[in-house]
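Working through the structure, step by step
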There are 4 protein chains.
Amino acid sequence: MTDQNPVFIPGPTNMPDRLRRAIQIQTRDHRAPDFVDTFAPVLEDTKKVFGSTEGKIITFPASGTGGWEAAVTNTLSPGDKILVGRYGVFSNKWIDLCQRHGLDVQIVETPWGEGVPADKFAEILAADTAHEIKAVLTTHNETATGVRSDIAAVRRALDGADHPAMLFVDCVSSLASMPFEFDAWGVDIAVSGSQKGFMLPTGMAILCVSPKALAAIETAGLSRTFFDFRDMMKANATGGFPYTPPLQLIYGLRESLDMLFEEGLENVYARHFRLAEGVRRAVDAWGMKLVAKSPDLYSDTVSAVYVPEGFDSNALTDHAYRAYKVSFGVGLGQLDGKAFRIGHLGSLTDVMVLSGLATIEMAMADLNYPITLGSGVAAAQEYYRTSRVAALKSAA
Amino acid sequence: MTDQNPVFIPGPTNMPDRLRRAIQIQTRDHRAPDFVDTFAPVLEDTKKVFGSTEGKIITFPASGTGGWEAAVTNTLSPGDKILVGRYGVFSNKWIDLCQRHGLDVQIVETPWGEGVPADKFAEILAADTAHEIKAVLTTHNETATGVRSDIAAVRRALDGADHPAMLFVDCVSSLASMPFEFDAWGVDIAVSGSQKGFMLPTGMAILCVSPKALAAIETAGLSRTFFDFRDMMKANATGGFPYTPPLQLIYGLRESLDMLFEEGLENVYARHFRLAEGVRRAVDAWGMKLVAKSPDLYSDTVSAVYVPEGFDSNALTDHAYRAYKVSFGVGLGQLDGKAFRIGHLGSLTDVMVLSGLATIEMAMADLNYPITLGSGVAAAQEYYRTSRVAALKSAA
Amino acid sequence: MTDQNPVFIPGPTNMPDRLRRAIQIQTRDHRAPDFVDTFAPVLEDTKKVFGSTEGKIITFPASGTGGWEAAVTNTLSPGDKILVGRYGVFSNKWIDLCQRHGLDVQIVETPWGEGVPADKFAEILAADTAHEIKAVLTTHNETATGVRSDIAAVRRALDGADHPAMLFVDCVSSLASMPFEFDAWGVDIAVSGSQKGFMLPTGMAILCVSPKALAAIETAGLSRTFFDFRDMMKANATGGFPYTPPLQLIYGLRESLDMLFEEGLENVYARHFRLAEGVRRAVDAWGMKLVAKSPDLYSDTVSAVYVPEGFDSNALTDHAYRAYKVSFGVGLGQLDGKAFRIGHLGSLTDVMVLSGLATIEMAMADLNYPITLGSGVAAAQEYYRTSRVAALKSAA
Amino acid sequence: MTDQNPVFIPGPTNMPDRLRRAIQIQTRDHRAPDFVDTFAPVLEDTKKVFGSTEGKIITFPASGTGGWEAAVTNTLSPGDKILVGRYGVFSNKWIDLCQRHGLDVQIVETPWGEGVPADKFAEILAADTAHEIKAVLTTHNETATGVRSDIAAVRRALDGADHPAMLFVDCVSSLASMPFEFDAWGVDIAVSGSQKGFMLPTGMAILCVSPKALAAIETAGLSRTFFDFRDMMKANATGGFPYTPPLQLIYGLRESLDMLFEEGLENVYARHFRLAEGVRRAVDAWGMKLVAKSPDLYSDTVSAVYVPEGFDSNALTDHAYRAYKVSFGVGLGQLDGKAFRIGHLGSLTDVMVLSGLATIEMAMADLNYPITLGSGVAAAQEYYRTSRVAALKSAA
């Protein structure tokens, strides 16, 4: 009966019933007018979630990794120089992908637990007077460390150096959960997916692309077909797809957008903050530490938590699953064995989060962690109830 | 997003995904061989859950109340004398139904929080040497008070008096959750429904009927058509139904039986005990009292909990729903305003129960109850984790 | 893969995806405000389908048979005289039910294939100057014969005799498919169900009750509990149910009403006529005869078709199911072996009907019926296409 | 109510209810043991459908086009020479993809309606004594023309020339519908997808890869990350995925395989032949011609049908959709306006096909095609019924 318990991995996220129903579409002809009439507004409305009016939405039946590959191969050429910080597993994956495609990757090593090194970027960009750097690649929310980076600061670094490099942002685990400002931050390509803030199954890479990035297509020398922006845009222009579209997910995205807009994006963000803050109160009550080094870096979608010295975080997540049938995120890369992660994004309630906290407490107690049962739960309860009661009063 | 949180009402119960899928049957012809081949084994297998080999399963597209009416109208005649104890809302509903159908109801008033008055029944039955009492009506699990009665004791009372009265048992909120022994207890009609231990939507009354009760049909003078056992048995004999059957629920019952048998009925009962015991530990930690007066009466499917003097249980359940979108059972009848109920039956896990306990704690704190946040949760956690670890060890 | 083919039984009907999704509701608390807010408008909107503003909608978790029993037991007393015509299996079931409940049933035997004997009723009612007849019972659409009766004519018979008897109508297989005028026809109780024109699973009896019928409750002497109008109305008044409601079906009825209103009731009726007319053209092309004796009696929801002399209609429907996995209605009662039935109601298209006609043609050819393959299909095609093209032109 | 009618496009195909339910999986942790235990056998069992014991199954969350790109980029280097025949839109897409990736594509132009030019290939391969040709690319079933090619003949051409080039086959629209013999035909990479014979939604590219093709990875110089076989195989080896897997489709593929094996692959192929043959009889009865030039080339999954001179096939498919809400395949490429296509693959029955034939006949009649209503239907009926009756007799 494991389907009854929520998952606390940082995506794919728990699907709400409304979306589960919405994707139960019998096969329809994707060349028929009904599909065309549905698809175009979906693309248009998705922009709002990115915080963009000028960008173009491009989707692929793929995962976020496919979205990254699309971003890179459509805009860059072999040997192009790019600038990127390495501060977690997912930023490292960007780097690996670029290297495989023959790009010249300038890596700024950054301690895990910190965010994008905007100051260091500023120096490098200012020094690059020949404008050899074609793109700066960043990870908005590093899922491995639970760190949210300051993308606006990267934009300031670019503008301060008057540098024309494109700005690419991985927002797979932040979009539709934390504020994202594509236009205001001057982002050129933002890459997300269906399975996080959109609360859908895995299967759609969702990108927002600026006019500047679109212009770069013409000179981009990397090869691609499946991920070619031009084929996709040409087909999209008449409501179609260059190959068979993921019909069910597109209808699901329609409903997901409706849910997000009905709740209001600001309320969606506030809900994620509130859920995350409860988790942070619990971590504090346990006497444990987040991987994220300071509050301005705290992610509202995932918290990575160091286990005490002498304990193995993998044993903890493994035991939680085997004993209680609840999944938490494992520690990745440098954090393997040292930290576990609590995903708190998507369609989630305070009530559900409390069940996750209660579960991990039991698992920790089973493994003789020095924590008091109920302590983290109580800290989260206190925060959740006071913030809820305050909200009810202000609504009244 | 209320569908994300479990309900803690004592039924209908949270449906597992497997059953939700199983009932998604497109319309099929109920006169076709496929249905016939499915239905007969369902009836046969349902007997096992009642603990019967000699009984006959009879179902109606109705609620449990309809099942009661079927039991009474198929076996009794206007003016017939019946014996019944009143110790809660649901036992009282039996009484009301019998009175409306013109039966002569001898009521044994019993304090709420106690179970079936078997000793008093023994006296009355012994005194009834003329055997005017035609049936004894009992409620196995009184959902209003969280009391499980000792049906075997009623059988002993009947046998001790060598009395031929039929024994009817309402097991709507106990079957498939707590042990039930139709044959061993000498039950003549047991009435249950689809929406509790069977984890299905409301819509099917499910009865088990003894040969003695079936024999009573011929002389039963009360009128009925929809609920007539004879029409149903005649149609069932060839795999059919006397009118349109609730096809989806019948396929769902097939899957529900499969789930129960795969888990093992003994394990199902043990799971319900474990979940219930955690709730009771929490209640104790809160310094509160169950309505059920002694441990032998504790129900494993629902706990009715007195709120402290000066508090209104309706305000509590109402606030829990409005603030946290979690439903608990309200206090019924005499307990209106004085007790709330936690349903812990059906497809439920320890993890889910902990979310319910955490939620009601928040609601109590919001309303200034003298409880400590996390106290009940911690007591339940301790019980759940030690019993789980013990189970894992014994399985290893 | 039988779920792929439509059924052509006269209900339960093929469920559209939209309704299949709508009923996939996880368990919710039926005492919570969300349910209350949903249920009341459902009751109100259902009136429109009955063509009533003055009636009261009462629903039970039961089949249509349960609805009949509710109608009779809430308004009549043992020994009351009722007037009814017998012209098919379902009108006969009314009669049987009334007799079992001790009513004095005056039966007007009517040839099958004809409708309600309004003229004969007029005579009888005029002769009943003592007003001993308390109710006239009619079947709007006799599902066994494919005959639609003229209910307005019965009203005229009552009014012509200035007779105060109540008028009860079984509209199980006509409502939401053919025009029904509760108020205009002066109906006192109309009984329908969820599984026909409402396109939902079986499980809800749906009644519309006039103020006059409601007033009769107070003096009605027949016993009932589950089906008691008073309990239901009392609970409904505050958005509740006297026992556990069929939650999923109520949410499904909400969506069904939305679908009916979006299409427009007039268009729903026109669609049923069109589909039925195509079937009738096919029957004519086969050189076969409908059971319904004249066009004014033709039902738009089901056609009963006589097989030629020397053929067994049961062998035909049985073979169609075994060879092609398509269900048609069998001949019932007097028509057993003599006629088969094609159900053409609910969520159905001309395209689907053509597959049914093609299938029964194959089955007939397999059994050496004197028909030409494709002949009925072609006749239906010609009608469907010309009426479709005409509709498209008038819409343009 | 368009969801009620089947689609007759050549994929995505009509999904059976069983698969629609199977993919309704709530989010699960793809790193948990349950997923691992499910995934490995799915990969193993999928081999059977390809007719392989030596190949390795590799899947990607992508469409068939993505599968092609994976095949090419994992095994070839820029400038590599490949041999391919152009005989339809989909074979042309292979060519375009290879050219975009900088391959040296030798194209054998072949009239549409014919299949793979094996004889011409034999000549070219024999002449290529330097073995410059690294791969031969073929399309097993050309979806645009309804032509099935003889892949074994291509193997004979390779073997006859003793040529080491790899053999790649696009079997997107043939696998799990027509016989495929990966091992016997010496295929090196076969590319399929979830949305055709597997009857699932679009979203999974499914490849079978020979040891020879796997060995080619090490020297393949084309860039790829998302589609890298090595990452996928490394992760698959421990039951995992290199990124988030399409969980729902993997569970769906499990059920799809179960369905295929329960029916028996031979029976699946026979069913497709039978359905296709009925369509061909209808086309013949209409006096129209298939695009496929001879019976040995006839596809059992899709029939492309020339419309008569002076008629526009796009007007026909467009009208069929607008008037009857039924989708057929449009004419693609050279066949734009000249032919329409009837998809008859996946979860389909003779009864459903008849509805498609009846519909297109109406549409043709509406547009004044010189055909007789019912003529094609009758021809198909005759074939379907005689073949069905024969099958029933042989089963008896």
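Residues numbered from 1 in each chain as written. Chains lettered and ligands numbered in written order. Predicted model: local features only at pLDDT ≥ 70, side-chain atom pairs only at ≥ 80, totals over all residues. Heavy atoms only, no water.

The cut-off we apply is this: UniProt positions are given in the numbering used here, feature names are shortened, and annotations may be inferred rather than shown by experiment.
Identification of chain A as Serine--glyoxylate aminotransferase from Mameliella alba is taken from an unreviewed UniProt entry. Recorded under Sequence similarities (unreviewed entry), the UniProt text for chain A is reproduced unchanged: "Belongs to the class-V pyridoxal-phosphate-dependent aminotransferase family." Regarding chain A, the relevant UniProt record gives this comment under Cofactor (unreviewed entry): "pyridoxal 5'-phosphate".

**Here we look at the sheet that holds strand S9 (residues 205-209) of chain C**
Residues and elements named next belong to chain C. Where we set the bar: A strand pair is defined by DSSP finding two or more bridges across the two strands. The numbering of helices and of strands both runs from the N terminus, where a helix is a DSSP run of H or I of at least 4 residues and a strand a run of E of at least 2. For helices, the fitted axis covers only the stretch in contact; all axes are lines through C-alpha atoms, and the angles between them, taken along N-to-C directions, range from 0 to 180 degrees.
Strands sit in the order S1-S9-S8-S7-S4-S2-S3 across an open sheet of 7 strands; the sheet is mixed. Each of the sheet's edge strands pairs with one partner strand only, and the pair in question is strand S1 (56-60) and strand S3 (104-109). Across this sheet, the average inter-strand angle for adjacent strands is 20°, counted without regard to direction. Of the strand pairs in this sheet, strand S4 (residues 133-139) and strand S7 (residues 166-170) are connected by 5 bridges, and their pairing is parallel. Within S7, the residue paired with Val136 across the bridge is Leu167.

**Some thoughts on the packing of helix H3 (residues 64-73) of chain C against helix H4 (residues 89-100) of chain C**
All names here are of chain C. Applicable threshold: For classification, angles of less than 35 degrees are called roughly parallel, those exceeding 145 degrees roughly antiparallel, those between 65 and 115 degrees roughly perpendicular, and all remaining angles oblique. The sense of a crossing depends on the near helix, which, turned anticlockwise from the far helix by less than a right angle, makes the crossing left-handed and, turned clockwise, makes it right-handed. We call two residues in contact whenever any of their non-hydrogen atoms come within 4.5 Å of each other. Throughout this entry, Asp, Glu, Lys and Arg are counted as charged residues, while Ala, Val, Leu, Ile, Met, Phe, Trp, Tyr, Cys and Pro are counted as nonpolar. The remaining residues, Gly among them, count as polar.
Running from N to C, H3 and H4 cross one another at 45°; their axes reach a closest spacing of 10 Å. Between H3 and H4, the crossing angle belongs to the class labelled oblique. The chirality of how H3 crosses H4 is right-handed. Residues Thr65, Trp68, Glu69 and Val72 of H3 pack against Phe90, Lys93, Trp94, Leu97 and Cys98 of H4. Broken down by class, the residue content of the contact of H3 with H4 amounts to 6 nonpolar, 1 polar and 2 charged.

**A word on the packing of aromatic side chains**
Put simply, the rule is: In summary, the pairing rule links any two rings of Phe, Tyr or Trp, Trp by its six-membered ring, whose centres are within 6.5 Å, and it sorts them by plane angle into stacked for under 30 degrees, edge-to-face for over 60 and tilted for everything else. The criterion is that NZ of a Lys, or CZ of an Arg, lies within 6 Å of the ring centre and within 35 degrees of the ring normal, and then a charge sits over that ring.
Applying the stated rule across the entire model yields 59 aromatic pairs over all chains. Here the guanidinium or amino end of Arg28(A) rests over the ring plane of Tyr251(A), the centre of that ring lying 4.8 Å away.

**Some words on the pairing of strand S3 (residues 104-109) of chain D**
All names here are of chain D. As a reminder, the rule being used: Whether a crossover is right-handed depends on one test, that the path from the first strand over the helix to the second runs clockwise when the strands point away from the viewer.
Where strand S2 (residues 81-86) meets S3, 6 bridges bridge the pair, whose relative direction is parallel. For Lys81, the partnering residue across the bridge sits in S3 and is Asp104. Remark: the S2/helix H4 (residues 89-100)/S3 crossover connection has right-handed handedness.

**Re a negative patch on the surface**
All names here are of chain A. The test is simple: Each patch is built from residues lacking any salt bridge and having more than 30% relative accessible area; the joining distance is 9 Å for like charges and 5 Å for nonpolar side chains (Val, Leu, Ile, Met, Phe, Trp, Tyr). Surface exposure here means Shrake-Rupley accessible area, sampled with a 1.4 Å probe, where a residue is shielded only by the protein chains that are shown. We count a salt bridge whenever a side-chain nitrogen from Lys or Arg sits within 4 Å of a carboxyl oxygen from Asp or Glu. When charges are tallied, Lys and Arg are placed among the positive residues and Asp and Glu among the negative ones, while His and the ends of the chain are skipped. Positions of charges follow a simple convention, taking NZ of Lys, CZ of Arg, CG of Asp or CD of Glu. Relative accessibility thresholds used throughout: buried, under 20% of the residue-type maximum; exposed, over 50%; partly exposed, between the two (1.4 Å probe, protein chains only).
A cluster of acidic residues, Glu54, Glu181, Asp183 and Glu266, forms a negative patch at the surface. By the secondary structure assignment, Glu181 is in the loop between strand S7 (166-170) and strand S8 (189-193). By relative accessible area, which is 34% here, Glu181 ends up partly exposed.

**Points about the environment of Ile189(D)**
Residues and elements named next belong to chain D. Within the element layout of this structure, Ile189 appears in strand S8 (residues 189-193). Considering only alpha carbons, one finds Ile189 and Phe168, 21 residues apart in sequence, at a separation of 4.7 Å. When near neighbours in sequence (up to four residues on either side) are disregarded, Ile189 contacts Ala71, Thr75, Leu167, Phe168, Val169, Phe182, Leu207, Cys208, Val209, Ala213 and Phe229.

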